[in-house]
4 protein chains.
Amino acid sequence: MFVGFVGLGGMGGAMAARLVAAGHRVRIWNRSPEKLAALLGQGAEAAASLPAIGEAAVVISMLADDSAVRDIFLRQGLLAGLPKGTVHVNMATVSLELVRELVPLHQERAVSYVSAPVLGRPDVAAAGKLNIFAAGAADAIDAVQPLFDAIGQKTWRFGTEPEQANVVKIATNFTLACAIEAMSEGAQLVRSHGISPQVFLEMLAGTIFASPAYKIYGPLIAEERFSPPGFKATLGLKDVKLALAAGEAAHVPLPFAAVVRDNFLDAIAHGEADLDWSVLARVAQRRAGSR
Amino acid sequence: MFVGFVGLGGMGGAMAARLVAAGHRVRIWNRSPEKLAALLGQGAEAAASLPAIGEAAVVISMLADDSAVRDIFLRQGLLAGLPKGTVHVNMATVSLELVRELVPLHQERAVSYVSAPVLGRPDVAAAGKLNIFAAGAADAIDAVQPLFDAIGQKTWRFGTEPEQANVVKIATNFTLACAIEAMSEGAQLVRSHGISPQVFLEMLAGTIFASPAYKIYGPLIAEERFSPPGFKATLGLKDVKLALAAGEAAHVPLPFAAVVRDNFLDAIAHGEADLDWSVLARVAQRRAGSR
Amino acid sequence: MFVGFVGLGGMGGAMAARLVAAGHRVRIWNRSPEKLAALLGQGAEAAASLPAIGEAAVVISMLADDSAVRDIFLRQGLLAGLPKGTVHVNMATVSLELVRELVPLHQERAVSYVSAPVLGRPDVAAAGKLNIFAAGAADAIDAVQPLFDAIGQKTWRFGTEPEQANVVKIATNFTLACAIEAMSEGAQLVRSHGISPQVFLEMLAGTIFASPAYKIYGPLIAEERFSPPGFKATLGLKDVKLALAAGEAAHVPLPFAAVVRDNFLDAIAHGEADLDWSVLARVAQRRAGSR
Amino acid sequence: MFVGFVGLGGMGGAMAARLVAAGHRVRIWNRSPEKLAALLGQGAEAAASLPAIGEAAVVISMLADDSAVRDIFLRQGLLAGLPKGTVHVNMATVSLELVRELVPLHQERAVSYVSAPVLGRPDVAAAGKLNIFAAGAADAIDAVQPLFDAIGQKTWRFGTEPEQANVVKIATNFTLACAIEAMSEGAQLVRSHGISPQVFLEMLAGTIFASPAYKIYGPLIAEERFSPPGFKATLGLKDVKLALAAGEAAHVPLPFAAVVRDNFLDAIAHGEADLDWSVLARVAQRRAGSR
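Residues numbered from 1 in each chain as written. Chains lettered and ligands numbered in written order. Predicted model: local features only at pLDDT ≥ 70, side-chain atom pairs only at ≥ 80, totals over all residues. Heavy atoms only, no water.

Draft legend 1. How the structure looks around the interface of chain C and chain A. With 15 residues of chain C in contact, the opposing surface of chain A contributes 15 residues. Roughly 1,400 Å² of surface becomes buried between chain C and chain A when both sides are summed, with 59% attributable to carbon and sulfur atoms. At the junction of chain C with chain A, the criterion picks out 4 salt bridges. When the shortest N-O distance is used, the salt bridge between Arg261(A) and Glu248(C) registers 2.6 Å. (Contact = heavy atoms within 4.5 Å. Buried area = accessible area lost by both parts, 1.4 Å probe. Salt bridge = Lys/Arg side-chain N within 4 Å of Asp/Glu carboxyl O.)

Draft legend 2. How the structure looks around the relation of the copies chain C and chain A. The operation relating chain C to chain A is a screw motion whose rotation component is 180°, with 0.0 Å of axial translation and a residual RMSD of 0.1 Å. On this basis, the relationship between the two copies can be described by a two-fold rotation axis. Closest to the rotation axis within chain C is the C-alpha of Ala258(C), separated from it by 2.8 Å. (Least-squares fit on C-alpha atoms with pLDDT ≥ 70 in both.)

Draft legend 3. Quick peek at the relation of the copies chain D and chain C. Here chain D sits on chain C after a turn of 180° about the axis and a move of 0.0 Å along it, with an RMSD of 0.1 Å. Looking at the interface residues of chain D, 100% of them are also at the interface in chain C, so both copies use one shared face.

Draft legend 4. Geometry of the pattern of salt bridges. Per the counting criterion, the structure on display carries 76 salt bridges over all chains. Linking Arg261(A) and Asp262(A) is a salt bridge whose minimum nitrogen-to-oxygen distance equals 3.1 Å. An identical accessibility class is assigned to Arg261(A) and Asp262(A); each is buried. In this structure, Arg31(D) and Asp71(D) form a salt bridge, with 3.4 Å as the shortest nitrogen-oxygen distance. Of this pair, Arg31(D) sits in the loop between strand S2 (25–29) and helix H2 (37–42) while Asp71(D) sits in helix H3 (residues 66–75), and the two are 40 residues apart along the sequence. Given the relative accessible area of 45%, Arg31(D) is considered partly exposed. Exposure remark for Asp71(D): the relative accessible area of 18% places this residue in the buried category. (Buried < 20%, exposed > 50% of the residue type's maximum accessible area, 1.4 Å probe, protein only. Helix = DSSP H or I, 4+ residues; strand = E, 2+ residues; numbered from the N terminus.)

Draft legend 5. Region of interest: the pairing of strand S6 (residues 112–115) of chain B. When strand S5 (residues 87–90) of chain B meets S6(B), the two strands line up parallel, connected through 4 bridges. The residue of S6(B) that forms the bridge with His88(B) is Tyr113(B). (Pairing = 2+ DSSP bridges.)

Following this line, the structure appears as structure tokens:
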């Protein structure tokens, strides 16, 4: 398949590499061109300009946030240049608000919009083991399924409204933030009683919570290994705000999200914005006066 | 080993049966004698009276709550009759306050006190697959280790102060309550956006949260299967209150525990006291006006 | 003084009437022209068109929300037509984000921007008893002080950055929302113990809390008089979101704001969006199962 | 009237002095006898022993907490020695649990139990300006009304069940704690935006919140005058825990109480246990990283 790919950061680069490796024709473009070299070496082709991305049948975007999407697709005009029938697959975690703005703009141009945010860090992407949450018109998803198969281990379909996949991604990240906060509070509770948080967290990750989330974040919390960040506190705050906004849109109180939001603000107020979001553990520790 | 066992409810009965099956001499006593029959048939022996329990070298108690322990060991005098050198293993989830009261009373009588609360439901107990959290004098734990081996798949040692095992049990149940609340809020967020909570929870339990906790509670929440209860909302409230009290004792704020406490009260105020504690999902649903 | 006034709803209309009564020349414009008749009868003059408002030396706006301000001043171009040296006094409760956007746009045109949100309901405005929170260039505030004197009983100056007055207004409304929530929870606590909320709230408003806030909202809560609304739940939610956003901008956790936000969502989810924001009392009552 | 009075701390001493000044015969007893001298000089009479207090027709107690009441009335046996027909007026802030334990014990002895906690600090007590919350049998309250008239400016009757007065006192202190927390969060919000918390709090206390609560606590917060304490953080925590317990007893979620509880723990964890409970302001400041 002929794919245009914009947004080649840690995640996007790994995903594009999988597509190339699977034999697809992948044309790439990035705001910072220095990221392109490795992919070109693997067989991707450089877009002569941003509009040249639109010559592909499918355009995948994996941009940093809402404003990057608005910049590339609206201000710089990528959307306006897409031919009728193109499928645009947005695989980033963006706000519902943005999706609600983009969907009619795509419809006007007869361009299909598929939301397909992914679950997994860059190493998971490189291994082609992402979980993909897809929503949008069934035929459009069917059309790009071979691409998803190259990138992910499984595609979960959540509906025909693109925003539904975004809600699932937002809810998933929210649930993960909650798990980190729960580990943080629990670890502080045992620490303040003279018990090793490490053994406690190992026990959790070895018994009822034996799962990637607890196996990844338990040791980060136990060893206070918040740097280098896998996912920064500022991004954690961004995501919990997406959850709060999605809750507001549907009138869903989310008291856990409110707690996590405040704790990310506490972290950021203490100069921890660029540490891993598991720095929530440090907030719990600080509030208990134990650091 | 000669073991006296008091408290033969769903958990205690299954644990005593494991001891009998492993060849230990098990003398049993229960406030409601009708629970004894099955065990007697399997080879346990009935205590002629409560004090006769004290003739065993080790006394295991698995009583419902703090007040039951106070009743049997203090008011009815079981502790006062234990010979010097007996080991009392309390395997129930009780408050730190009770442990702090019992430890010196045991010391006065030269009776060892071991805290060994367990993780697992009755079916796990029957299979001998419990996780046991032990704390107390190392030699006393060593002495009863063969009993733990008959009951559990693993013994986790958390220190020489008995209450440390209780803190770990309390923190574990708290973390589990948080996972239920997080699943509940996340499920409601997707439901209110027209997405199936079932698929969402299956995805969580099949990906980053692939663990017993999410595999057990995800379907209960998705199918609203709150009855019959595996663990009642009232017990959930009791446990989160133990966490709050343990936090207070060490000056640890626990904002997630506060949210869960309020939501259990909301459930109980709506006549859901005797439903499974995953009824937190119904609270989230009710607050969002979707039932 | 020659004043242009846009936004003549309940508050704006009463404020404009005070200016007319004080002898100022007041030119008025409103999106819904039917609101103008009464003021014209009192001596105000109708603007032939929106740009004609800009012929006055001072333009006061009292528009419903951020988007109304953006519409009138940016999209419809009122700002672009203001002569150099005009003073624009924005007396509405708007977001910090909007102020940060407007201030440089005014500076470019050499138009002074004064933030002057007010404290008080329409009846207070009609009596000229508002409290006015002013921030902006000192000479600009000095220039419009005679107008403030006609409208309010006191002008509180909070700094030379316009947004500072908005922060104060946002923080004030937040504190008021907290008082309503506290009364609501306290009233429910006594009600659930068989005590009259009415006597309890009368006592509060007659003793340590003897102040307008408790005297106004105590009876509304006690008598469950949520309709007609003085200030709708949706506006309460809007204001608490402004507080949360202002907190985020400066990294200030606001746990009370988070609770209030969730409770407004609960109200809205139960069809209470258009009731008075003291409907927080009904949320407390509902959660306690007593309605 | 012949009154026995136990518990002569700051509050109790001032109240007893009012009774003496009003011409009542007041017999006094205190655990720390050094507190008695001043009252004896004013005309009170010393009880030869604790039981001699019981010779009075009315026994007023103003003891520090639940355990002091249990100690004096139960362990030391004051209650057991009271003649039939005595009226015991407990004017301290105690738990519902204690009242529920004491009421039947009094009934057994045909001693009337009146709950009459008071609102006001020691200087208010000295001026005879307390507000008294009374509940219990109407004839018993009628009988002691002359004593209340000597101590307070107004007696508010809340029912015939003694505990109802305690619920009101608990709910009142809870509402006051919420006001302090709201002022604290609001003050931090403005401080973090470069605005003087002092002017903000003065404005609140001069406008919609013009009441003793805001006039007393506003300046304490603005000037960070947490020492000497008028009411310690530990007592604030005790009171909010009474509110949470009263809420639990009646299944009333109290999310504001939960926030305040956590913030008192944060204060205590930072060595601020003995500062005034308005130290909640410092917690807000610390969390925002501004100290």
